[in-house]
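Remarks on the overall topology
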Amino acid sequence: MKLGEGVEAAIHCAATLASVDGNSTMPGAALAEAFGLSPSYLLKHLNMLTASGILESVSGPAGGYRLAQPAERITLLDIVLAVEGREPAFRCGEIRRNGPVKIDPSAYVKPCGINAAMLKAERAYRAALAETKLSDIVADYAAEGDPRSFAASCAFVARHQRPQKSSSTPQNPKM
């Protein structure tokens, strides 16, 4: 199963936003800088996360992005589905019916065994992602990541987060 590169970017951005203080935001341009991504490329994925209710966007000079809910309530499956969509990775086209020998459709009453096996694997994959919370990823990084990398990430967040006044209204900001 191959996921798009946007999934990695989305998970990293959500994990970074889990580290901002309280009601603060981080501009999309800073998130793009943090991971060496094009701001326009990342904006597409940040908008998907916002539309899915994972992120919240705040407009204005101190605007940016923040988590829309606690990291404990966001799973990796939530993020993957926000970016990749809800459709299964494998879609059976019933090509077993397409050969030169045409058989009556009644010969295909039972589901395709290949489709059944692929859907079983997809359910297991999704279940594993649903068990992994964003907060677990962040906690594991803090506990087990290289301290230099962790310190650099914390310093980046501290430099780029934007404190919010309590009256900020969620919007859909540009980077």
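Up top is the structure these notes are about.
So, here's what we can say about the structure. (Residues numbered from 1 in each chain as written. Predicted model: local features only at pLDDT ≥ 70, side-chain atom pairs only at ≥ 80, totals over all residues. Heavy atoms only, no water.)

1. Comments concerning the environment of A130
The line we're drawing: Only DSSP runs of H or I reaching four residues or more are called helices, and only runs of E reaching two or more are called strands; each is numbered from the N terminus. Residue burial is assigned from relative accessible area. The probe radius is 1.4 Å, only protein chains are included, and a residue is buried under 20% of its type maximum, exposed over 50%, and partly exposed in between. We call two residues contacting when some pair of their heavy atoms lies within 4.5 Å.
Here A130 shows up in helix α5 (residues 113-131). According to the relative accessible area criterion, A130 is partly exposed, its value standing at 32%. With 56 residues separating them along the chain, A130 and I74 place their C-alpha atoms 8.9 Å apart. With residues near it in sequence (within four places) discarded, A130 still touches T75 and L77.

2. Digging into the side chain of T16
Along the chain, T16 falls in helix α1 (residues 5-17). Ignoring anything within four residues of it in the chain, the contact list for T16 reads M26, L31, F35 and V157.

3. Thoughts on the packing of α1 against helix α4 (residues 76-84)
Helix-helix packing is described using two parameters, namely the angle between the two axes and the distance between the axes. Note the cut-off: With axes taken as lines fitted to C-alpha atoms, and helix axes fitted only over the stretch in contact, angles between N-to-C directions fall between 0 and 180 degrees. The labels follow the angle: roughly parallel below 35 degrees, roughly antiparallel above 145, roughly perpendicular from 65 to 115, and oblique for the rest. For any helix crossing, the convention is left-handed if the near helix is rotated counterclockwise from the far helix by under a right angle, and right-handed if that rotation is clockwise.
Running from N to C, α1 and α4 point in directions that differ by 135 degrees, and their axes come no closer than 9 Å. Here α1 lies oblique to α4, going by the angle between them. α1 and α4 meet at a crossing whose hand is right-handed. Counted together, G6, V7, A10, I11 and A14 of α1 and L76, I79, V80, V83 and E84 of α4 form the full contact between these two elements.

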